[in-house]
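The primary structure of each chain is shown beneath.
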Amino acid sequence: MIVVYILIGTGALVAFPFVKKYIRNQKPLVIPPNWHGILVQRVRFFRELNEVGQQDFLEQVGRFLRNVPVNGVQVEITIADRLLVAASAVIPLFGFKGWEYGYLDEVIIYPSAFDQNFNFENPKELIVGMVGSGAMEGKMILSKPALHAGFDNTQDKQNVGIHEFIHLYDKEDGVIDGVPVSFMTDEHIMPWIDLVRVEMSKIHAGESGIRGYGGLNGKEFFAVAGEYFFERPHLLEDKHPELYMMLSMFFNQKMTHTLSAKEIKAKPLSRNSPCPCGSDNKYKHCCLGK
């Protein structure tokens, strides 16, 4: 275990224990040139980084995809699918350079929502993301349409990919419980638990702008609040300043500095641009008009 000391906004040094997953005989890191254009078009977080930040993000995406396979079940997996999965993974950890998830071996993409029995044909429930346990330990399952929708709509405070990777972030202490003690000092644990209790009571009373699913339990509150933090940080800081401050500390990121108050849109694609779906075809021969 490595302990890293990080200077937070208050000027205090906070110790964070990092569990690093080392992989033997790693393949060389390769960043294909078309990744940049796809991420600019599809991922607001990446688009609003400066040049240095974008290069760092690309390298983290490359390391993730080198180490974690992304496979599909009855669905074609494109370069864009893999990049959106990797972006979902990198965003929560972007404040911690060189760190990787310790409880993930594979991401599995389904063609639609599924249920607890992993059935997506006439499912009894409509689950769009899940971190596996038991026989599925080390696996994450994501619905392909929901994964894309999370990045297509940057104003709804929802992103299923980020949501599930926040659960994995939470799990670094061995359990998903909404209290990421691997990233907290002892003095912040009880204030966080108290804050969650207050915010969940507001959700139950219909007095909160936080999505209702966050009122289910502490672990879902943390993931839902994290989605809000990464999608609408300025609104979160305005409506829930204490929650914004705590999440900034946990993720070691000041998201109001990363994202502009008004979203910077991607430049429109020309007909001859590489298609952002990752097909390697020109836009005019691929997704234009679909």
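Right above here is the structure, for reference.
Cut-offs used in this document
- Residues numbered from 1 in each chain as written.
- Predicted model: local features only at pLDDT ≥ 70, side-chain atom pairs only at ≥ 80, totals over all residues.
- Heavy atoms only, no water.
- Helix = DSSP H or I, 4+ residues; strand = E, 2+ residues; numbered from the N terminus.
- Contact = heavy atoms within 4.5 Å.
- Areas by Shrake-Rupley, 256 points an atom, 1.4 Å probe, with all protein chains shown as cover.
- Buried < 20%, exposed > 50% of the residue type's maximum accessible area, 1.4 Å probe, protein only.
- Salt bridge = Lys/Arg side-chain N within 4 Å of Asp/Glu carboxyl O.
- Pairing = 2+ DSSP bridges.
- Right-handed = clockwise from strand over helix to strand, strands pointing away.

A. Highlighting the overall build of the protein chain. Along the protein chain, the regular secondary structure elements total 11 helices and 6 strands. Long-range pairs, those at least 24 residues apart, make up 61% of the contacts in the protein chain between residues at least 6 apart in sequence. Carbon and sulfur atoms make up 54% of the accessible area of the protein chain, which amounts to about 14,000 Å² in all.

B. View of the environment of Val 30. One can find Val 30 in the loop between β2 (13-18) and α1 (34-42). Residue class for Val 30 comes out exposed when judged on its relative accessible area of 55%. Each C-alpha atom of the pair Val 30 and Glu 59 lies 8.5 Å from the other, and the pair is 29 residues apart in sequence.

C. Seen up close, the pattern of salt bridges. This structure, assessed with the given rule, holds 10 salt bridges. Between Glu 263 and Arg 47 there is a salt bridge, with its nearest N and O atoms 3.1 Å apart. Within this pair, whereas Glu 263 is found in the segment after α11 (255-258), its partner Arg 47 is found in helix α2 (residues 44-47), the two being separated by 216 residues in sequence. Note on Glu 263: relative accessible area 14%, which makes it buried. Put simply, Asp 56 and Lys 97 hold a salt bridge, and the shortest N to O gap is 3.0 Å.

D. The environment of Cys 286, seen in detail. Here Cys 286 shows up in the segment after α11. Considering only alpha carbons, one finds Cys 286 and Pro 274, 12 residues apart in sequence, at a separation of 9.1 Å. Excluding its chain neighbours within four sequence positions, the residues that come into contact with Cys 286 are Cys 275, Cys 277, Ser 279 and Asn 281.

E. Broad picture of the pairing of strand β4 (residues 106-110). Among the 5 residues that make up β4, 5 are buried, leaving the element largely enclosed by the rest of the structure. Along β4, one buried face is formed by Glu 106, Ile 108 and Tyr 110 and the opposite face, lined by Val 107 and Ile 109, is buried too. Here strand β3 (residues 70-72) runs beside β4; their pairing, made up of 3 bridges, is parallel. By the bridge assignment for β4, Gly 72 is matched with Ile 109. With helix α4 (residues 79-93) bridging β3 and its parallel neighbour β4, the resulting β-α-β unit is left-handed. As defined by bridge partners, β4 adjoins strand β6 (residues 139-143) across 5 bridges and the pair is classed as parallel. Each bridged residue has a counterpart across the sheet, and for Ile 108 the counterpart in β6 is Ile 141.

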